[in-house]
Amino acid sequence: MEYTQLGRTGLKVSRLVLGTMNFGPQTDEADSHTIMDAALGAGVNFFDTANVYGWGANKGRTEEIVGSWFAKGGGRRDKTVLATKVYANMAPDGEPAWPNHDKLSALNIRRAVDASLKRLRTDHIDLYQFHHVDRDTPWDEIWQAIDVLVQQGKILYAGSSNHAGWHLARANETAARRGSYGLVSEQCLYNLAERRAEMEVIPAAESYGLGVIPWSPLHGGLLGGALRKEREGGAGRTGTGRSADALANPTVRDRIQSYEDLVAKHGLEPGEVALAWLLTRPGVTGPIVGPRTADQLASALRAVELTLPAELLASLDEIFPGPGPSPEAFAW
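Parameters at a glance
Residues numbered from 1 in each chain as written. Predicted model: local features only at pLDDT ≥ 70, side-chain atom pairs only at ≥ 80, totals over all residues. Heavy atoms only, no water. Buried < 20%, exposed > 50% of the residue type's maximum accessible area, 1.4 Å probe, protein only. Helix = DSSP H or I, 4+ residues; strand = E, 2+ residues; numbered from the N terminus. Arc of directions from axis to C-beta. Contact = heavy atoms within 4.5 Å. 1 Å grid on protein atoms, 1.4 Å probe; cavity = no way out; pocket = protein on both sides within 12 Å on 5 of 7 lines; lining within 4 Å. Points joined across faces, edges and corners; volume = space filled by probe spheres on them. Nonpolar A, V, L, I, M, F, W, Y, C, P; charged D, E, K, R; others polar. Polar contact = N/O pair within 3.5 Å; in protein donor to acceptor, adjacent residues only side chain to side chain. Core = buried A, V, L, I, M, F, W, Y, C linked by side-chain atoms within 4.5 Å. Pairing = 2+ DSSP bridges. Axes fitted to C-alpha atoms, helices over the stretch in contact; angles between N-to-C directions.

Enquirer: An account of helix α12 (residues 294-304) is needed here, citing residue identities and associated values.
Expert: Since there are 3.6 residues in each turn of an α-helix, residues three or four apart along the chain are aligned in direction. For α12, the complete set of buried residues consists of L297, A300, L301, A303 and V304. Relative to the axis of α12, the buried residues are bounded by an arc of 145° and lie together on one face. In this fold, the buried residues of α12 make contact with β3 (17-19), α1 (29-41), α11 (270-279) and β10 (288-289).

Enquirer: Would you mind going over the layout of surface pockets in detail, with residue names and values included?
Expert: Of the pockets and cavities examined, the second largest pocket occupies roughly 280 Å³. Together, 16 residues line the second largest pocket, and H163, L189, R196, A197 and V201 are the ones closest to its centre. Put simply, the parts of the chain that give the lining of the second largest pocket at least two residues each are α6 (165-178) and β8 (183-189). Tallying contributions element by element places β8 first for the lining of the second largest pocket, with three residues. In the lining of the second largest pocket, the residues fall into nine nonpolar, three polar and four charged.

Enquirer: Outline the environment of T280, supporting the account with residue identities and numerical values.
Expert: Mapping T280 onto the fold places it in the loop between α11 and β10. Within polar-contact distance, the side chain of T280 engages the backbone oxygen of W277 at 2.6 Å.

Enquirer: Requested: an account of the nonpolar core, with residues and values cited.
Expert: One finds L18, I109, Y128, F130, W143, I146 and Y259 to be the most contacted residues of the largest nonpolar core, which totals 76 residues. The greatest single-element share of this core, amounting to seven residues, is contributed by α11. With residues near it in sequence (within four places) discarded, Y259 still touches L192, L223, P270, V273, A274, L316, I319 and F320. With 12 residues, the next largest nonpolar core counts L6, L11, V13 and F46 among its residues.

Enquirer: Give me the environment of D134: which residues, what numbers.
Expert: For D134, the location among the structural elements is in the loop between β6 (125-130) and α5 (139-152). Sequence separation between D134 and E305 is 171 residues, and the spatial gap between their C-alpha atoms is 39 Å. Every residue in contact with D134, bar those within four places of it in the chain, is listed here: Y87, K103, L104 and S105. Here the side chain of D134 touches L104 through a polar contact of 2.8 Å, landing on its backbone nitrogen. Within the structure, the side chain of D134 is placed 2.6 Å from the side chain of T137, a separation counted as a polar contact.

Enquirer: Quick rundown of the sheet that holds β8? Include the residues and the values.
Expert: Pairing within the open sheet is parallel, and its eight strands lie in the order β9-β8-β7-β6-β5-β4-β3-β10. Across the chains shown, the open sheet's two edge strands, defined by having one partner strand only, are β9 (211-215) and β10. Relative to the sheet, α5 contacts β6, β7 (155-161) and β8, its axis offset from that of β7 by approximately 150°.

Enquirer: Requested: an account of the environment of I35, with residues and values cited.
Expert: Inspection of the secondary structure puts I35 in helix α1. The class of I35 is buried, set by a relative accessible area of 1%. Spatially, the C-alpha atom of I35 lies 9.6 Å from that of A298, the residues being 263 residues apart in sequence. The residues contacting I35, other than those within four sequence positions of it, are L18, F23, T27, P291, R292, T293, A294 and L297.

Now the structure itself:
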């Protein structure tokens, strides 16, 4: 496993991040523990979760599964850089949030972190991330709450997720004015097929010293050999939802076919190439991989060992062109 610093911090993390969103809804507790053991055994030390994972009537269940794994001992917690998130309404789906039981008010941050610590069976969270922008709460209030938690030893660092570039700037300029440390990471949608983050989010993150943690690195399975699986009768995640809608578009379908043909020509697996490509991108700490099985984890681990030749990287840019540098990308 390769390691890198998380943004401007001294924190050393693996270049693959274990995403736990499937633990509970898709993968039972025993298999989730097996995957976490395998990841840690392979050197993956960066685990990502969120208070809302578990979904539906089971929000919080994923944190509980991670917590029961920590409780097994064996150095599991000490070896893990633990990231979780706050923002969401924790009431069962369809029920409105009670006032101050969601978003990023100081009151909800205090309540949410204590609830996550209890579910995770730990005394601190290494990276506490804002799962979405709160348009109603000023950054001064957010940083006041975070500074208290840092002083209490309940969290070490703060990060963001799904924030625009100007949000990152406002957050860290406010933090600097207060003498707070500010955001150290941004978790954003970024992959070969979805490169809009290159316009502002990633440049802002690099400028302010934030590590970039891409989520959905396979774009909902589209970059994981979707058409090949379709032909083989095993569409899986790409058979429904966003991926199926995307493949119904002839332009997208042709692009994905060109991608699969290209990587096959190089004797490589589509999903592994998509992950390896992200590891070549400036500012990227490591993509989040969310395996449902141990085999899927093994495939993701192989991506770290891949060195993509310049010819392949150039061809990938032709199939999935990025927006180009800003502000030129906005202007012409």
